[in-house]
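# Close look at the chain arrangement
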Amino acid sequence: MSFTLLSSPLQGFTDFRFRNAQNKIFGGIDTFYSPYIRLNGKLEIKPSYERDLLPENNMDLEVIPQVITNDADEFLFVAKYVRELGYKELNWNLGCPYPMVTKSGMGSGLISNPEKINHILERTHSESDIIVSMKMRLGYENSEEILDVLPILDRYPIKNIAIHARIGKQLYKGGVNLDAFQLCIDNTIHKLYYNGDITSVKKFHEMQERFPSIDHWMIGRGLISDPFLPSMIKSNSFEYPKNKMELFREFHDTLYAIYSESLSGQIHILLKMYHLWEYFSVTFSNPHKVLKQIKKAQSIRNYEAAVAAIFKNEKI
């Protein structure tokens, strides 16, 4: 069975710089979803969102913009904006689990409000020609919440629904709820994509076997931790390339150079790279030691020395 691999958006990580570097060096992702646009009540697009979606910054990529909102006017404003950039589809985020989002009634915090979801979809489909897709969790408090929303979604020509098989309260803790995901398959007319804990080729095969009707698979944190993963899934290979560390070093150096140019001040650069290394470190034989070395580097010079030592030691 043929399948499609998608990059789940992670705020602060999978911007156009990351997408381009991952695609050029590793490949394997068919479609990237951009981190969400959030307006916070002001109908204006931040420059960072604009840069992320400009066609010239995504030349060799298939990208789908995403919005997070609980307001129909905001949704329509973003829909108009992305259409002007040439995008035909807008993904609506009902999956973000972080309290600062959910407490505002957005992301997975909106799943318990079917009436508001219906209102936004009704206005969007009557006032815009944008193609709507969705990214959701199973709920915020419990996995039954989505079952009250699916009948409402069935009223609209939604392109697809990507479901992360956790509830919002879990954040990324605990396991995925595969039985609840199966219930979603059984209770909607829409095409579903699976998201959650695809972290290895073996895990991907397990999910394929568990859900034979699913042919679109979304990789989130697993892509940042292991940028080799999509191409390995595509080639059905359990073996990393022999030049694994050389490729990973090229990936790191590409991102480091780009962020050094685009971010101001060494504190911002070091913080950005440290957050990436929270994921990168698992690629190495001693993740805890690697992350500790990165965290200790309080200057650009020390950071570069730490990175050089990490890669040198890994080759031994």
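Preceding this section is the structure that the text describes.
Because the structure is a prediction, the values reported are computed rather than measured. (Residues numbered from 1 in each chain as written. Predicted model: local features only at pLDDT ≥ 70, side-chain atom pairs only at ≥ 80, totals over all residues. Heavy atoms only, no water.)

## Digging into the packing of aromatic side chains
Operational definition: Think of it this way: a Phe, Tyr or Trp ring, Trp meaning its six-membered ring, pairs with another when their centres are within 6.5 Å, and the plane angle makes it stacked under 30 degrees, edge-to-face over 60, tilted otherwise. Secondary structure follows DSSP: runs of H or I at least 4 residues long count as helices, runs of E at least 2 residues long count as strands, and numbering of each begins at the N terminus. Only protein chains enter the area calculation, which uses a 1.4 Å probe; residues under 20% of their type maximum are buried, those over 50% are exposed, and those in between are partly exposed.
As enumerated under the stated definition, the model contains 23 aromatic pairs in all. Both rings, one in Phe26 and one in Phe251, keep their centres 5.1 Å apart while their planes meet at 80°; by these two values the pair is edge-to-face. Separated by 225 residues along the polypeptide, Phe26 in the loop between α1 (16-25) and β2 (31-33) and Phe251 in helix α11 (residues 244-262) bring together distant segments of the chain. Residue Phe26 is classed as buried on the basis of its relative accessible area of 11%. With a relative accessible area of 0%, Phe251 lands in the buried category. Taking 6.3 Å as the distance between ring centres and 70° as the angle between the ring planes, the aromatic pair formed by Phe248 and Phe251 counts as edge-to-face. Taken together, the residues span about one helical turn, with Phe248 and Phe251 both in helix α11 at a distance of three residues. Assigned by exposure class, Phe248 and Phe251 land together as buried.

## Focus: the pattern of salt bridges
Basically, it comes down to this: Salt bridges are identified by distance alone: a Lys or Arg side-chain nitrogen within 4 Å of an Asp or Glu carboxyl oxygen.
Enumeration over the complete set of coordinates arrives at 16 salt bridges. Between Glu206 and Lys202 there is a salt bridge; the shortest N-O distance is 2.7 Å. Linking Glu206 with Lys202, this pair stays in helix α8 (residues 201-210), spanning four residues, or about one helical turn. The class for Glu206 is partly exposed, based on a relative accessible area of 35%. The class of Lys202 is exposed, set by a relative accessible area of 52%.

## Re the sheet that holds strand β4 (residues 66-67)
Quick note on the threshold: The pairing criterion is simple: DSSP has to find at least two bridges between the two strands. Residue contacts are defined here by distance: any two heavy atoms, one from each residue, within 4.5 Å place the two residues in contact. Axis definition: a line fitted to C-alpha atoms, limited for helices to the stretch in contact. Angles are taken between N-to-C directions and run from 0 to 180 degrees.
If you walk across this open sheet you meet the nine strands as β3-β2-β1-β9-β8-β7-β6-β5-β4, and the pairing is parallel. The open sheet terminates on both sides in strands that have one partner only, identified here as β3 (63-64) and β4. Sitting on the sheet, helix α5 (residues 114-127) is in contact with β5 (89-94) and β6 (131-137), with an inclination near 175° to β5. In the packing of helix α6 (residues 145-153) onto the sheet, the strands contacted are β6 and β7 (161-164), and the crossing angle to β6 comes to about 170°.

## Some details on unusual backbone geometry
Positive phi is not limited to glycine here, since Leu171 has a value of about 55°. Residue placement: Leu171 occurs in the loop between β7 and α7 (178-186). At Asn236, a position not held by glycine, the phi torsion is positive, near 55°. With respect to the helices, strands and loops of the structure, Asn236 is situated in the loop between α10 (229-234) and α11.

## Section: α6
Cut-off, in case you're wondering: Relevant arc is that of directions from the helix axis to the C-beta atoms, nothing else.
Of the residues making up α6, those classed as buried are Glu145, Ile146, Val149, Leu150, Ile152 and Leu153. Buried residues of α6, seen end-on, are gathered within an arc of 160° and therefore sit on one face of the element. At its buried positions, α6 is contacted by α5, β6, β7 and α7.

## Some remarks on the side chain of Thr31
To keep things clear, this is the line we draw: Two N or O atoms count as a polar contact when they lie within 3.5 Å, although within protein this holds only if one can serve as hydrogen donor and the other as acceptor, and sequence-adjacent residues are included solely when both atoms are side-chain atoms.
One can find Thr31 in strand β2. Note on Thr31: relative accessible area 6%, which makes it buried. At a separation of 3.2 Å, a polar atom in the side chain of Thr31 contacts the side chain of Glu62. Look past the residues within four positions of Thr31 in its chain and what remains in contact with it is Leu5, Leu6, Ser7, Glu62 and Ile64.

## Section: helix α14 (residues 300-315)
Definition in use: Working rule for helices: expected span equals 1.5 Å times residues minus one.
Taking 1.5 Å per residue, 16 residues should reach 22 Å; α14 reaches 23 Å between its end C-alpha atoms and fits that length. Residues of α14 that are buried: Tyr303, Ala306, Val307, Ile310 and Phe311. The buried residues of α14 occupy an angular sector of 125° when the element is viewed end-on, so they sit on one face. More than 90 degrees from the buried face of α14, the exposed residues found are Arg301, Lys312 and Lys315.

## A short note on the side chain of Glu89
Relative to the helices and strands, Glu89 is located in strand β5. With a relative accessible area of 8%, Glu89 lands in the buried category. A polar contact of 2.6 Å, which involves the side chain of Glu89, links it to the side chain of Ser133. Among the polar contacts made by the side chain of Glu89, one reaches the side chain of Lys159 at a distance of 2.7 Å.

Just distances and angles here, no functional claims.
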